[in-house]
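# Chain and residue survey
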Amino acid sequence: MSDVASGGAVRPKTAGGGSGFKNFLRATEIDTRMLGMVGALLVIWVGFHILSGGTFLTPRNLWNLSVQTASVGVMATGMVLVIVTRNIDLSVGSVLGVTGMIMAIAQTTWFTPMFGFDNPMVWIATIGLGLLSGLAIGGLQGFVIAYMGVPSFIVTLGGLLVWRGAAWWVASGRTIPITDDTFKILGGGSDGSIGATWSWVIAIVAIAFLALAAVNARRQRKRFHFPVKPMWAEYLTFALSAGAVVVATLIVNAYLLPGPLAARYAQANGIAVPEGGLAISFGYAVPVLLFIGVGIVMTFVARRTRFGRYVFAIGGNPEAAELAGINTKRVTMMVFALMGMLAAIAAAISTARLTSATNAQGTLDELYTIAAAVIGGTSLAGGAGTIAGAMLGALVMQSLQSGMVLLGMDTPLQNIVVGAVLVVAVWLDTVYRKRAA
Amino acid sequence: MMSTTMDDIRDGGTTGHTDNIDRAGPPLVAMEDISISFGGIHAVDGASLDLYPGEVVALLGHNGAGKSTLIKILSGAYKRDSGEIMVRGERATISNPRDAKAYGIETIYQTLALADNVDAAANLFLGREIMTPFGTLDDAAMEAEARKVMGRLNPNFKRFKEPVRALSGGQRQSVAIARAILFNAKILIMDEPTAALGPQETAQVADLIKELKKEEIGIFLISHDIHDVFDLSDRVVVMKNGQVVGSAKTSDVTKDEVLGMIILGKCPAGATPGPGAMKD
Ligand SMILES: Nc1ncnc2c1ncn2[C@@H]1O[C@H](COP(=O)(O)OP(=O)(O)OP(=O)(O)O)[C@@H](O)[C@H]1O
Ligand SMILES: [Mg+2]
C-alpha cells in the first residue's frame, strides 16, 4: 500500500536511482505489493504503539491480535477465490452467525446428551455438522448464482438477511453457551494454546519446510533450464522468512499465563510452584495454527490444483474458460460452497472463543473479509489475487480495529475509519494497477 | 439438400478437376441445414457445409455474413435452433465445447478466447492440464510442452512466464493456434488465424496447414485474404446474410468470380449455387 504512495512521488526522476532497488526486488522475487503491505502493517503497529503509550507492541496484545485475526482471516482466504471469479459474497458474516448457532444448539441439545459430557465425539460431530451446514448454505447460494443466473451481489445481499434471520429464528434470539471443553480449544485461551515447547517444534518444522521448498523450487527450475535466483537472493529470502518465524515464536512464547491461571495449570499438571511464581508461556494459539493451516491448504488449492487454475481462468476471461471446455457453472458453485465451509470454520473459531453463540456474531465480518482480500491485492475486476496477501490483509484490518479499541475509540468512529480505509484501499489498488499495466 | 451438394462435388471430380482429396467415404463433418437467430436476426439461415479428411474448406463472406456464428455452432459455443451435425456419417450431439472437443474438433476463435491473466502454457492446456502422479498441476511439464509447440509456430517466442495479456496481438494468436493443434485435432476450425500475424508467422501458419492436411486433418479456414484462400484451400464456400451463396472447388473458379459471390451473391458457372445465390 505504502509503496504506491511513495512510488508515485519518486517516479518522474527514477531510472538511475530506483533501478538498484528494482534489481534487488527482481533478484529476490519479493512481491512489491507484499512488501508494501508489510510496510503499511509496520506503520500501523508503530503508530498505535506510540499513540497508546506503549501498549500495542506487547506480547500480550500481539498474541491477542493473532487470535482475533484468525476468524476473519480464514474467511478472507475463500473471499479471494470468490472475488477472483468476478463475484462477491456479502453473506459471510451471517453465514458465520447461523453456522455458529447451529453448532452451539446441536452440541447442547443433541450431541452432548447423545454421546455424554466431554466425549470426543461431541466436538467431532459439532464441527462436522457445522462444516456441512456451511457447505450446504454456500452451495445453495452458489447454485442460484451459477445455474439460475442471479448476480452474486443480489444473492448474497439477500443471504446477508436470510442467514442472519435464520440464526435468530433457530435460537429464538437466545445466546447459546458452548459446553464441550475440547471444542473450546479452537478458540484459543490458555487451554487453547500449545505452550513454549510445541511452539518451537512447529517453528523448526516450518523453517525446515521453508528450506525444503526453496531447494525444491531451485531444483525444478534447473531441471527445465529456467533461470534461477542468484544464491545470495536465495539465502536472503530464506533468512527473512525463517527470521519472521523465529520472531513470531519468541513473541507468543513471551506471553505468559497470568499468576492465578499458572497456579491452576501447575496444580492440574502436578508441577511444583517454585519461588517467585511460574513462568508458563502461551505459545501459538490453536485458532492461529488453524488459520495458517487453512492458508496453506487454500494456497495449494489456488496454485496447484485444476480447480484453482479454473477459478483464475474464469476470472481472467469467463467466455474463454467456457470455450476451453471448463464447466464454469460448476466451478462457480464450488467456489461459493467452499466459501460457506470456510465461514463455518470461522464460526467454530469465534463460537469457541466467545464460548457461546450469539445473534450478533459475525456482524460486519463481510466488510472486514472483503477489505482483507482487497487490501491483500485481490482485484475486484477479477482474475488476480493471492491467499497470502489476503491473510496479511486480514492482519492489517484486525490491527486497525484492535488498535482503535486499545485507544478507546467509540464503535461508530471505528466504523467510520474501517469504511474509509476500505474505500481508500480500493482506490490505491486502482492506481497501482494502472501503473503496473 | 446436402446430398445434392455432395453429388455435385463428385460430378465435379469426374470432369477432371482432381485435387487428391478422397471424397468417396462419408465426410469428416457435415453441417446440414443449420439455422440460428439472435433476437430477430437470422445470423445463420439454413446453411449446409461439409469437409473431408485432408481437405481445406475456405469459408468466405462479408462482415456479419454469419461465418463465425456457423462455426461456433460446430465448436459447441452456440446451440443451433435447427439442423443436424454429422461426424464421419453419424449424427453428433454437440451442445457445449467439451462435446465438440470429444469429437476431435478444435477451434481457433476470431477473438482468440484466451485467459489473459495466466501464462501461455496455462492457456494451451486450459481444460486439459497435465497432472503429476499426486494429482497436482504439473506446470513444469506443461511449460516444456508449450516451448516445443510454440517453437514450431513462432521460434522467436520467449515470454513463457508472463500472462498472455502482456503479449503482442500476433504472439497471442500464435498461442491460440498452438492450443488448437496440441491435442491431435481431427477437425480444425481456424477463424481468421493470421489476421494479426506478420509475414513470416503467416508463412509458418501456411506451412502448418499444409502439414496438417498431410495428416488427414480437415480444416475450415475463415479468411478475408483471397490470396491466402486460393493458395491454401481445396474448396471455397461463400456466405451472405446467413445463407450459403455457393460452393466450388478452388481450381474451378477465379478470384474475381469469388469476389462476385462475396459482394453480389452471384454464383458463377463453376460453382454449385446454394440457397443464398442471387436469382436472376
Ligand atoms: N452473440 C450474438 N448476439 C447477437 N447477435 C450476434 C451474435 N453473434 C453474432 N451476431 C450477429 O450475427 C451476424 C453474423 O455474425 P458473425 O460474427 O457470424 O459474422 P462473420 O461472418 O463472422 O463476420 P466477420 O467477417 O466480421 O467476422 C451479425 O449480424 C452479428 O451481428
Ligand atoms: Mg467472424
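Quick caveat, the model's predicted, so the values are computed rather than measured.

Residue and element names in this part refer to chain B. Contacts to ligand 1 come from 14 residues, most closely from Asn63, Gly64, Lys67, Ser68 and Thr69. Glycine 66 places a main-chain nitrogen or oxygen 2.9 Å from an oxygen atom of ligand 1. One of the side-chain nitrogen or oxygen atoms of lysine 67 is found 2.8 Å away from an oxygen atom of ligand 1. Compared with its free state, where it exposes 640 Å², ligand 1 has 66% of that area covered by protein. With three residues, the single largest contributor to the shell around ligand 1 is helix H2 (residues 67-74). For the shell around ligand 1, the residue count by class is four nonpolar, eight polar and two charged.

Further remarks concern the coordination of the magnesium ion (ligand 2). Residue and element names in this part refer to chain B. The protein atoms that coordinate the magnesium ion (ligand 2) are Ser68 (OG) and Gln110 (OE1), at distances of 1.9 to 2.2 Å. A residue pair is termed long-range when its members are at least 10 positions apart, and serine 68 in helix H2 and glutamine 110 in the loop between strand E6 (105-108) and helix H4 (120-124) qualify at 42 residues. For serine 68, a relative accessible area of 18% translates into the label buried. Exposure remark for glutamine 110: the relative accessible area of 42% places this residue in the partly exposed category.

With that out of the way, let us pick up the domain arrangement of chain B. Accessible area lost upon the coming together of the parts is a frequently used measure of interface size. Residues and elements named next belong to chain B. Along its sequence, chain B is carved into domain 1 (2-104 + 184-273) and domain 2 (115-183). Between the C-alpha centres of domain 1 and domain 2 there is a distance of 28 Å. Between domain 1 and domain 2, roughly 1200 Å² of surface is buried when both sides are summed, and carbon and sulfur atoms account for 52% of that area. Contact with domain 2 buries surface across domain 1, with Asn184, Gln204 and Leu208 losing the most and accounting together for 34% of the total. Inspection of the domain 1/domain 2 interface yields one salt bridge. A salt bridge links glutamate 211 to arginine 152; its shortest N-O distance comes to 3.0 Å. At the surface where domain 1 touches domain 2, the tally comes to five residue pairs in polar contact (both at pLDDT 80 or more). Looking at the side of domain 1 that touches domain 2 element by element, the count peaks at seven residues for helix H7 (residues 199-214). Looking at the side of domain 1 that touches domain 2 residue by residue, the classes come out as nine nonpolar, four polar and four charged.

Basis of the calculations
- Residues numbered from 1 in each chain as written.
- Chains lettered and ligands numbered in written order.
- Predicted model: local features only at pLDDT ≥ 70, side-chain atom pairs only at ≥ 80, totals over all residues.
- Heavy atoms only, no water.
- Near = heavy atom within 4 Å.
- Polar contact = N/O pair within 3.5 Å; in protein donor to acceptor, adjacent residues only side chain to side chain.
- Areas by Shrake-Rupley, 256 points an atom, 1.4 Å probe, with all protein chains shown as cover.
- Helix = DSSP H or I, 4+ residues; strand = E, 2+ residues; numbered from the N terminus.
- Nonpolar A, V, L, I, M, F, W, Y, C, P; charged D, E, K, R; others polar.
- Donors = N, O, S within 2.8 Å, 3.2 Å for Na, K, Ca; no water.
- Buried < 20%, exposed > 50% of the residue type's maximum accessible area, 1.4 Å probe, protein only.
- Domains from an automatic or database assignment.
- Buried area = accessible area lost by both parts, 1.4 Å probe.
- Salt bridge = Lys/Arg side-chain N within 4 Å of Asp/Glu carboxyl O.

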